[in-house]
Amino acid sequence: MPKYGINKAILLGNVGTDPELRYLDQGVAVCSFRLATTERVKHRDGQLVDRTEWHNIVLWRQKAELAQKHFRTGTGLYIEGRIVSGSRDGPDGQKRFKTEIVFDHISTVDFS
């Protein structure tokens, strides 16, 4: 059995929320936003239906600042990154789970 694996996500979609930029204690920039990917599937009755998945995207440092400056809701993006999962306890004591895509490569796409 291999010791190591591959953790790679490739997404092509549209920015769903304007990027939110914040700075950590030591001045490190982090930017997050949601990306929508939509696929068209055939329903049981034969009708085509769009199914949208929402992905949490995280960018760090200089790329974070550039994303906040240049990306807006609706911007088409191609993203390569790795999947990172985590959990925390919410204010109500319930465990909250979150899965994010931390970028490795990102570029804009014109869908027109």
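Everything that follows concerns the structure shown earlier in this document.
Attention here is on the structure that accompanies the text. Since we're looking at a predicted model, the values are computed, not measured. (Residues numbered from 1 in each chain as written. Predicted model: local features only at pLDDT ≥ 70, side-chain atom pairs only at ≥ 80, totals over all residues. Heavy atoms only, no water.)

**Quick word on the nonpolar core**
In step 1: By size, the foremost hydrophobic cluster in this structure holds 17 residues, and its most contacted members are F33, L35, I57, L59, L77, I79 and I106.
In step 2: Listing elements by their share of this core, those giving two or more residues are strand 1 (9–15), strand 3 (29–42), strand 4 (48–60), helix 1 (61–70), strand 5 (76–89) and strand 6 (95–109).
In step 3: Top element by residues in this core is strand 3. It accounts for 4 residues.
In step 4: Once residues lying within four places of it in the same chain are set aside, the contact partners of F33 are V15, T17, D18, P19, H55, N56, I57, L59, F71, L77, I79 and I106. (Core = buried A, V, L, I, M, F, W, Y, C linked by side-chain atoms within 4.5 Å. Buried < 20%, exposed > 50% of the residue type's maximum accessible area, 1.4 Å probe, protein only. Helix = DSSP H or I, 4+ residues; strand = E, 2+ residues; numbered from the N terminus. Contact = heavy atoms within 4.5 Å.)

**A few points about the pairing of strand 2 (residues 20–23)**
In step 1: Where strand 2 lies against strand 3, 4 bridges are found, and the strand directions are antiparallel. Bridge assignment links R22 to a residue of strand 3, and that residue is V30.
In step 2: Hairpin connection from strand 2 to strand 3: 5 residues lie between these consecutive antiparallel strands, with G27 at a positive phi of about 80°. (Pairing = 2+ DSSP bridges.)

**A look at the pattern of salt bridges**
In step 1: Tallied over the full model, the rule gives 6 salt bridges.
In step 2: One salt bridge connects R51 with E39, and the closest N-O pair in it is separated by 2.4 Å. Of this pair, R51 sits in strand 4 while E39 sits in strand 3, placing them 12 residues apart in sequence.
In step 3: Owing to a relative accessible area of 43%, R51 belongs among the partly exposed residues under this scheme.
In step 4: K95 is the salt-bridge partner of D89, the closest N and O atoms lying 3.5 Å from each other.
In step 5: With relative accessibility at 53%, the residue D89 sits in the exposed group. (Salt bridge = Lys/Arg side-chain N within 4 Å of Asp/Glu carboxyl O.)

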